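As a plain string of letters, each chain reads:
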Amino acid sequence: MKKLILFSLFTLLLFSKELITPIPLKIEYDVKKAFLGKKLFSETKLSQDNTISCASCHILEEGGDDNLPVSFGINAQKGTRNSPTILNSKFNTVQFWDGRAQDLEEQAHGPIHNPVEMNSNFSEIIPKLQQDIQYKKLFKDIYTDGITGENILNAIAEYEKTLITPHSRFDQYLRGNKSALSVEEINGFKLFKEYGCISCHNGVNIGGNLMQKMGILEKFKTNDFGLYNVTKKEEDKYYFKVPSLRNIQLTSPYFHDGLTSTLTEAVKKMSFYQVGYELSEKEISDIVKFLETLTGEQNFDKNNK
């Protein structure tokens, strides 16, 4: 079975272009909306008790997550899943580990209403924002109907679009600078392809573009049913969104449960559970060195038109 999977992958690679593409150096977005969204992203008034904001769990300087196994909401309530990075999330085809949100606006809606996270709603939030003269002006200048729930989500999503991290050393390598990576890092990328990691981790975000079963060849111990919790279809049990590997060096701990603290251990687990191989220490080391080249620039204000 393992040979068949690898043979199919090799065939795909042989007749396809490079399966990973660089992050664009710049993106198009609405500057006014993004400015408002940036303010809202750090606004604790979005939570019921004015203590939690989007930035509480998505700390840009920490890799776009909070580096905790699971996040905490209002009243120190403990979540059930690891907080995914918000960086480069515009490139994901679905949001959340279980893929229940189709875009960034739908994703932003979730934590606001989640009783364990912000435990709020727009009927509470809008009056609080309307008391702020600056918010009233900013919304009025952009949206004809002013402060609404839909406009709040739209502005936050527009800001989140700007949180891209281009120009990683690996992207430089893909763009033609073959000296951007060391011999070990290039070998790590080669192994990443040969062992089938690239079959799930591909595209501009090196993940984030499909759902996959956690534990394809070996059963992965978890009490979280993933996509099944959304669809209630038996065949969707243990399916999760494949996470982006962008900036993976900065986003520990790993996986939906946040129980894996190092990249070395993460590579060991994935090679065993997903492709059915126990790699040598040298192979794991080189793959980790490759993964560390995926850390990009984080000067978000310059990623504009």
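In what follows, the accompanying structure is described. As the structure is a computational prediction, the values presented were derived from the model and not from experiment.

Cut-offs used in this document
Residues numbered from 1 in each chain as written. Predicted model: local features only at pLDDT ≥ 70, side-chain atom pairs only at ≥ 80, totals over all residues. Heavy atoms only, no water. Helix = DSSP H or I, 4+ residues; strand = E, 2+ residues; numbered from the N terminus. Rg over C-alpha atoms; globule rule 2.2 N^0.38 Å. Buried < 20%, exposed > 50% of the residue type's maximum accessible area, 1.4 Å probe, protein only. Contact = heavy atoms within 4.5 Å. Polar contact = N/O pair within 3.5 Å; in protein donor to acceptor, adjacent residues only side chain to side chain. Axes fitted to C-alpha atoms, helices over the stretch in contact; angles between N-to-C directions. Parallel < 35°, antiparallel > 145°, perpendicular 65-115°, else oblique. Left-handed = near helix turned anticlockwise from the far one by under 90°. Nonpolar A, V, L, I, M, F, W, Y, C, P; charged D, E, K, R; others polar. Salt bridge = Lys/Arg side-chain N within 4 Å of Asp/Glu carboxyl O.

Re the overall build of the protein
Consideration 1: Each helix and strand in the protein was counted, giving twelve helices and two strands.
Consideration 2: Ordered by position from N to C terminus, the α and β elements of the protein give α-α-α-α-α-α-α-α-α-β-α-β-α-α.
Consideration 3: In terms of overall size, the protein behaves like a compact globule, its C-alpha atoms giving a radius of gyration of 20 Å where 305 residues would be expected to give roughly 19 Å.
Consideration 4: With the C-alpha coordinates of the protein rotated into their principal frame, the extents come out at 60 × 45 × 30 Å.
Consideration 5: Buried positions account for 49% of the 305 residues belonging to the protein.
Consideration 6: Pairs at least 24 residues apart make up 68% of the contacts formed inside the protein by residues separated by at least 6 positions.

Focus on the environment of aspartate 65
Consideration 1: Note that aspartate 65 resides in the loop between α3 (54-57) and α4 (104-113).
Consideration 2: In this structure the C-alpha to C-alpha distance between aspartate 65 and glutamate 117, which are 52 residues apart in sequence, comes to 15 Å.
Consideration 3: If we ignore the near neighbours within four places in the chain, the residues touching aspartate 65 are Cys57, His58, Ile59, Ser83, Pro84, Thr85, Leu250, Thr251 and Ser252.
Consideration 4: A polar atom in the side chain of aspartate 65 sits 3.3 Å from the side chain of asparagine 67.

Details of unusual backbone geometry
Negative phi is the rule for most residues except glycine; trans is the rule for most peptide bonds.
Consideration 1: The linkage connecting serine 252 with the following residue, proline 253, adopts the cis geometry, with an omega of 0°.
Consideration 2: When you line up the elements, proline 253 lands in the loop between β2 (239-241) and α11 (263-273).
Consideration 3: The phi dihedral of asparagine 247 is positive, around 60°, even though this residue is not glycine.
Consideration 4: Along the polypeptide, asparagine 247 turns up in the loop between β2 and α11.
Consideration 5: Not every positive phi belongs to a glycine, and phenylalanine 255 is a case in point at roughly 70°.
Consideration 6: Looking at where phenylalanine 255 falls in the secondary structure, it is placed in the loop between β2 and α11.

Description of the packing of helix α2 (residues 31-41) against helix α6 (residues 133-142)
Consideration 1: Two elements in contact, α2 and α6, have axes separated by 10 Å at closest approach and are oriented at 150°. As far as their axial angle goes, α6 and α2 are roughly antiparallel. In the crossing of α2 with α6, the sense of the turn from one axis to the other is left-handed. Between α2 and α6, the residues in contact are Lys32, Lys33, Phe35, Leu36, Lys39 and Leu40 and Gln134, Tyr135, Leu138, Phe139 and Ile142, respectively.
Consideration 2: For the contact of α2 with α6, the residue count by class is seven nonpolar, one polar and three charged.

Re the pattern of salt bridges
Consideration 1: A complete count under the given rule lists eleven salt bridges for this structure.
Consideration 2: Among the salt bridges present, the one from aspartate 141 reaches lysine 137, with a minimum N-O distance of 2.9 Å. Here aspartate 141 and its partner lysine 137 are both found in helix α6, four residues apart, which amounts to about one turn of the helix.
Consideration 3: In this structure, the salt-bridge partner of lysine 161 is glutamate 158, at a minimum N-O distance of 3.0 Å. Of this pair, lysine 161 and glutamate 158 are both found in helix α7 (residues 149-161), three residues apart, which corresponds to roughly one turn of the helix.
Consideration 4: On the basis of relative accessibility, which here comes to 30%, the residue lysine 161 falls in the partly exposed class.
Consideration 5: Because the salt bridges share partners, they merge into one network encompassing Arg81, Asp98, Arg100 and Asp224.

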